[in-house]
Amino acid sequence: MSTEGYSRDKQITLALSGASGAPYALLLLERLLAAGLQVHLLVSSAARVVMATEQGEQWPAKPEALTALLSERYQAKPDQLKVYGKEEWFSPVASGSGAPGRMVICPCSMGTIASIATGMSDNLIERAADVVIKEKGQLIVVPRESPYSALHLENMLKLAHLGVTIMPASPGFYHQPQSIADLVDFMVARILDHLDLDHTLVSRWGYGR
């Protein structure tokens, strides 16, 4: 994938693992592309099942086909979006010398969190997260689970101690949401805030409604 025209601070890795929360992922992808970032997209097999279940979308298994589908949907520029296979070890995200300094896993399953917390790196999502941690970049994980077991909490605490931002998919209600879309907007807005990206999804507290 060409990175010409995209400096490192204009690149980001977005990963989808098998937790519930497909609407968050879709809106976040749309907003990252609209912000002009080059997005390296990683999608687990379980995430494809979740996408089909929650959104009724059958995403193609071949990375090239999914790249074409999503690029057309979100009107991405040439080379702005690239999907990688789960074992595409020669992709930029697998190496500290080529990976973007920012990564979001949204949604993030507890299995993925456990693997990252223990340094397993058995697939590209886990390896990419390991790279961001070791290079002291910004990693945000958006888990969706309830209730949390002690094991879940221990794994998230371990990641938090490593500098990972744990942002559970727990939307607030103080903006008086009127629809599910409003709740999705809230969570994606919080993610964008932590990425220091401007948005108009939800007004910040104290700045009007």
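Worth saying up front: this structure is predicted, and the values here are computed from it rather than measured. (Residues numbered from 1 in each chain as written. Predicted model: local features only at pLDDT ≥ 70, side-chain atom pairs only at ≥ 80, totals over all residues. Heavy atoms only, no water.)

Asker: Summarise helix α2 (residues 45-55); cite the residues concerned and give the values.
Answerer: Listing the buried residues of α2 in full gives Ala47, Arg48, Val50 and Met51. All buried residues of α2 lie within an arc of 160° about the axis, which places them on one face of the element. Across from the buried face of α2, at angles greater than 90 degrees, the exposed residues are Val49 and Thr53. Where α2 is buried, its residues touch β1 (11-16), α1 (22-34), β2 (38-43) and α3 (63-73). A positive backbone phi angle near 70° is found at Gly56, which sits one or two residues after α2. (Buried < 20%, exposed > 50% of the residue type's maximum accessible area, 1.4 Å probe, protein only. Helix = DSSP H or I, 4+ residues; strand = E, 2+ residues; numbered from the N terminus. Arc of directions from axis to C-beta. Contact = heavy atoms within 4.5 Å.)

Asker: Can you lay out the side chain of Ser71 for me, pointing to particular residues and giving the numbers?
Answerer: Tracing the chain through its elements places Ser71 in helix α3. In terms of polar contacts, Ser71 uses its side chain to reach the backbone carbonyl oxygen of Thr67, at 2.7 Å. (Polar contact = N/O pair within 3.5 Å; in protein donor to acceptor, adjacent residues only side chain to side chain.)

Asker: Can you break down the packing of aromatic side chains residue by residue, with the values?
Answerer: Under the defined criterion, the tally for this structure stands at one aromatic pair. When the centroid spacing of 5.6 Å and the interplanar angle of 80° are considered together, the rings of Tyr174 and Phe186 count as edge-to-face. Residue Tyr174 is found in the loop between β6 (165-166) and α7 (180-194), and its partner Phe186 is found in helix α7; the two are separated by twelve residues along the sequence. On the accessibility criterion, Phe186 (8% relative accessible area) is buried. (Phe/Tyr/Trp six-rings, centres within 6.5 Å; stacked < 30°, edge-to-face > 60°.)

Asker: Talk me through the environment of Ser44; I want residue IDs and the actual numbers.
Answerer: With respect to the helices and strands, Ser44 occurs in the loop between β2 and α2. According to the relative accessible area criterion, Ser44 is buried, its value standing at 16%. With 95 residues separating them in the primary sequence, Ser44 and Leu139 have C-alpha atoms 18 Å apart. When sequence neighbours within four positions are dropped, the list of residues in contact with Ser44 reads Leu16, Ser17, Gly18 and Ile125. Separated by 3.0 Å, the side chain of Ser44 and the backbone nitrogen of Ala47 make a polar contact.

Asker: Break down the pattern of salt bridges for me, citing the residues and quoting the values.
Answerer: Scanning all chains against the criterion turns up four salt bridges. Of the charged contacts, one joins Lys134 and Glu135 as a salt bridge, the two residues approaching to 2.7 Å between their closest N and O atoms. Across the salt bridge formed by Asp193 and Arg190, the nearest N and O atoms sit 3.2 Å from each other. Here the residue Asp193 and the residue Arg190 both occupy positions in helix α7, the gap between them amounting to three residues, near one helical turn. On the accessibility criterion, Asp193 (22% relative accessible area) is partly exposed. Overall, the relative accessible area of 33% leaves Arg190 in the partly exposed class. (Salt bridge = Lys/Arg side-chain N within 4 Å of Asp/Glu carboxyl O.)

Asker: Talk me through the nonpolar core; I want residue IDs and the actual numbers.
Answerer: Leu14, Leu28, Leu29, Leu32, Leu41 and Val104 are the most contacted members of the largest nonpolar core, which totals 43 residues. Per element, the largest residue contribution to this core is nine residues, and it comes from α1. Excluding anything up to four places from it in sequence, Leu41 contacts Leu14, Leu16, Leu29, Leu70, Leu81, Lys82, Val83 and Tyr84. Counting residues in hydrophobic clusters, the runner-up holds 23 residues, among them Ile125, Val132, Ile133 and Val141. (Core = buried A, V, L, I, M, F, W, Y, C linked by side-chain atoms within 4.5 Å.)

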